[in-house]
Amino acid sequence: MTRATSRLSKRLALWISSTLVLLLAVFFIFAPGIVENTRNKIEAKDLPVVSEEAAKLHSRLEIADMHATP
């Protein structure tokens, strides 16, 4: 292998790996948002009627909402 061929193959390998890293970065930055917006739809529905007993119980409980809903 000549020097020119070696230099060309190194440059090609660098270009391919750089392009792959860039494509992976773009994918992992944008794909989650696209999937979230297309797959996680919220349907508007009327709220169910809550009994007085359930309302009293709910007021005594300590509740933490620990998921990320916008």
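Relevant structure appears above.
Residues numbered from 1 in each chain as written. Predicted model: local features only at pLDDT ≥ 70, side-chain atom pairs only at ≥ 80, totals over all residues. Heavy atoms only, no water.

Tallying secondary structure elements over the protein chain gives two helices and zero strands in all. Against the compact-globule benchmark of 11 Å for 70 residues, the protein chain has a radius of gyration of 27 Å, which places it well outside the compact range. Seen through its principal axes, the protein chain has C-alpha atoms that stretch 85 × 25 × 15 Å. Counting all 70 residues of the protein chain, 1% fall into the buried class. Taken as a whole, the protein chain presents about 7,500 Å² of accessible surface, with 65% of it coming from carbon and sulfur. Here the protein chain holds 9 positive side-chain charges and 7 negative ones, and the gap between their average locations is 31 Å. (Helix = DSSP H or I, 4+ residues; strand = E, 2+ residues; numbered from the N terminus. Rg over C-alpha atoms; globule rule 2.2 N^0.38 Å. Buried < 20%, exposed > 50% of the residue type's maximum accessible area, 1.4 Å probe, protein only. Areas by Shrake-Rupley, 256 points an atom, 1.4 Å probe, with all protein chains shown as cover. Lys, Arg positive; Asp, Glu negative; His and termini not counted. Charge placed at Lys NZ, Arg CZ, Asp CG, Glu CD.)

Before going further, it helps to examine helix H1 (residues 3-39). For H1, built from 37 residues, the straight-helix expectation of 54 Å at 1.5 Å per residue is met to within 8% by its first-to-last C-alpha distance of 52 Å. The largest bend along H1 measures about 35° and falls at phenylalanine 30, with the proline proline 32 one to four residues further on. Of all 37 residues making up H1, only one are buried, and the element is barely covered by its neighbours. (Expected span 1.5 Å × (residues − 1). Bend = angle between axes of the 7 residues up to and from the residue.)

A few words on the packing of aromatic side chains. As enumerated under the stated definition, the model contains one aromatic pair in all. With 5.1 Å between their ring centres and 80° between their planes, phenylalanine 27 and phenylalanine 28 make a pair best called edge-to-face. Classification of phenylalanine 27 as partly exposed rests on a relative accessible area of 49%. (Phe/Tyr/Trp six-rings, centres within 6.5 Å; stacked < 30°, edge-to-face > 60°.)

So far we have only geometry, and geometry alone does not tell us how the molecule works.
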